Amino acid sequence: MRVTLFGASGLLGHALVPELKNEELTAPSSADADIRDAARIREVVRHSRPEWIILTAAYTDVDGCESNPERAFAVNCEGAANVARAAREVRSRLMFLSTDYLFDGTKRSPYEADDARNPLSVYGKSKARAEEQLLEILPDACIVRTSWLFGAGGPGFPAMILKLAAERGEISVVDDQRGCPTFTPDLASALVALCRKSARGIVHATNVGDCTRYDFAKEIVRMAGSKTSVQPVSSSKFPRPARRPAYSVLSSATLDAYGIRMPGWEDALERYLAGRGTTVA
Ligand SMILES: NC(=O)c1ccc[n+]([C@@H]2O[C@H](COP(=O)([O-])OP(=O)(O)OC[C@H]3O[C@@H](n4cnc5c(N)ncnc54)[C@H](OP(=O)(O)O)[C@@H]3O)[C@@H](O)[C@H]2O)c1
C-alpha cells in the first residue's frame, strides 16, 4: 500500500510507523506539512499519490483547546478538511482518527458508532465538527474513534502514574470517568487491518474491556509491583478547564463487523510495562 501519514511524531504515529514498515510510506513532519496550510498539503499529497492517507495529526491538548479554541478548530477541523480535499483530488482513501470525547457521557452502555455526538469540550467539538465536514467532503472516508491512548513515544496515563508512584506512598485518582484504555501498537495494527479491508464510515477501535481511571491506576501500580496506595476521588477534587465525559466506553460492534478483535486492556498494559523494562508482578 502507498500510505501518507500526517502525525508521525505523535503518540499514535510512533506505533504506526513501524506497523507500516513494509508499505510505501510518506510521513512528513508538522514543520514540513502543517495541515492548516491547504496549498502545502495539496502539494504533499499530489507528490506522494497515496492509496490511503492516515490522519492522526491533531491539536490534542484537551485543556489547552479550552483557552485556544481558534487553534483547536484551525488544526482539528479546518486542517482535517484540507487533508480530505487533497485526498479527494487524487482519489485517495482517508482514515481520520477521532475521539470518545465527542460523547457527553450520559449513557450507561457502550456508545455505538451512530449514537448522537454531544461533546462537552472545545476539543470534542472540534473533532465532532471535523467528522461532519469530512463525511461531506469524502463520503467514503473511514473515521476511527478511539480512547485513552497509551504507549511508547509520548506522555500518557500509565507513565504519569508510574512517576507519581515512584515519588509518593499514596496517590488519588478519579473514579468517576469510565472508558477503554487503548495501547497504541494494538490500535496501529487494527488501523492497518482496516485499510486492507477497505473500511469506510465510522468505526470504534479500542482495547477490549473498560475501567475507571482509578481501576486503571490500581492495575498499573499492582502490575509494576509498587507499594503505593491508590485512593479513589471524585473529578471535582481535580478541577480541569475541559469537562470530560463520565462514561465514554465505545462499542466494538463496528470493529467486529470487519472481523478485527483487539486484545484486552490488561493484557495490553502488561506488554506496555514489559516494553518499558518494568518488571510485571
Ligand atoms: N491521545 C489520546 O488519548 C487520544 C484519544 C482519542 C483520540 N485521539 C486521537 O488520536 C489521534 C492521535 O493522537 P496522539 O495522542 O497520537 O496525538 P499527539 O501525540 O498529540 O500527536 C499529535 C501529532 O499531530 C501533529 N500536529 C499537531 N498540529 C499539527 C499541524 N498543525 N499540522 C501537522 N501536524 C500537526 C504533531 O506534530 P508535532 O509533534 O511536530 O507537533 C504530532 O505528530 C488524534 O487525532 C487524536 O485526536 C487521541
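Our structure is the block above this text.
The present account deals with the structure reproduced in this document. Model, not experiment: these values are computed from the prediction.

So, on to the site of the ligand. In the region of the ligand, 26 residues are neighbours, and Gly10, Leu12, Ser30, Ala57 and Ala58 sit closest. Those elements that place two or more of their residues in the shell around the ligand are helix H1 (11-19), helix H4 (69-90) and strand S4 (93-99). Considering each element in turn, the shell around the ligand owes the most residues, 3 residues, to H1.

Residues of helix H2 (residues 38-48) that are buried include every one of Ile41, Val44, Val45 and Ser48, and no others. Take H2 and look down its axis: the buried residues cluster within an arc of 95°, on one side only. Exposed side chains of H2 directed beyond 90 degrees from the buried face belong to Ala39, Arg46 and His47. Packed against the buried residues of H2 are strand S1 (2-6), strand S2 (24-26), strand S3 (52-55) and H4. One or two residues past the end of H2 sits Arg49, with phi positive at roughly 40°.

Let us look at the sheet that holds S4. Pairing in this open sheet of 6 strands is parallel, and the strands run S2-S1-S3-S4-S5-S10 from one edge to the other. If you trace the sheet from one side to the other, it starts and ends with S2 and strand S10 (201-204), each paired once. On average, adjacent strands in this sheet sit at an angle of 20° to one another, irrespective of strand direction. The sheet contact formed by S3 and S4 spans 4 bridges and is parallel. Its bridge partner lying in S4, Leu55 is registered against Phe96. Helix-sheet contacts for helix H7 (residues 184-196) involve S3, S4, strand S5 (142-146) and S10, and the interaxial angle to S5 is about 160°.

All right, on to the pairing of S3 then. Burial of S3 is two-sided: the residues Trp52 and Ile54 facing one way and the residues Ile53 and Leu55 facing the other way are all buried. Note that S1 and S3 share 4 bridges and pair parallel. Note on S3: the bridge partner recorded for Val3 is Trp52.

About the criteria used
In this numbering scheme, every chain counts its residues from 1 along its sequence in written order. Since the coordinates come from a predicted model, pLDDT governs what is reported: local features require at least 70, and pairs of side-chain atoms require 80 or more to be given and counted, while whole-chain, interface and lining totals use all residues. What makes a residue near a molecule or strand is its C-beta atom, placed from the backbone, lying within 6 Å of it. Only DSSP runs of H or I covering at least 4 residues are called helices, and only runs of E covering at least 2 are called strands; the numbering of each starts at the N terminus. For the exposure call, what matters is how many other C-beta atoms sit within 10 Å of a residue's own: 20 or more marks it buried, 12 or fewer exposed, and in between partly exposed, using C-beta atoms placed from the backbone. Note that the arc is defined by the directions from the helix axis to the C-beta atoms. Any residue pair is listed as a contact if its two C-beta atoms, each placed from the backbone, are within 7 Å. DSSP-based pairing: two strands are paired if at least 2 bridges between them are found. In this analysis, axes come from line fits to C-alpha atoms, helices being fitted only over the stretch in contact, and the angle between any two N-to-C directions falls in the range 0 to 180 degrees.

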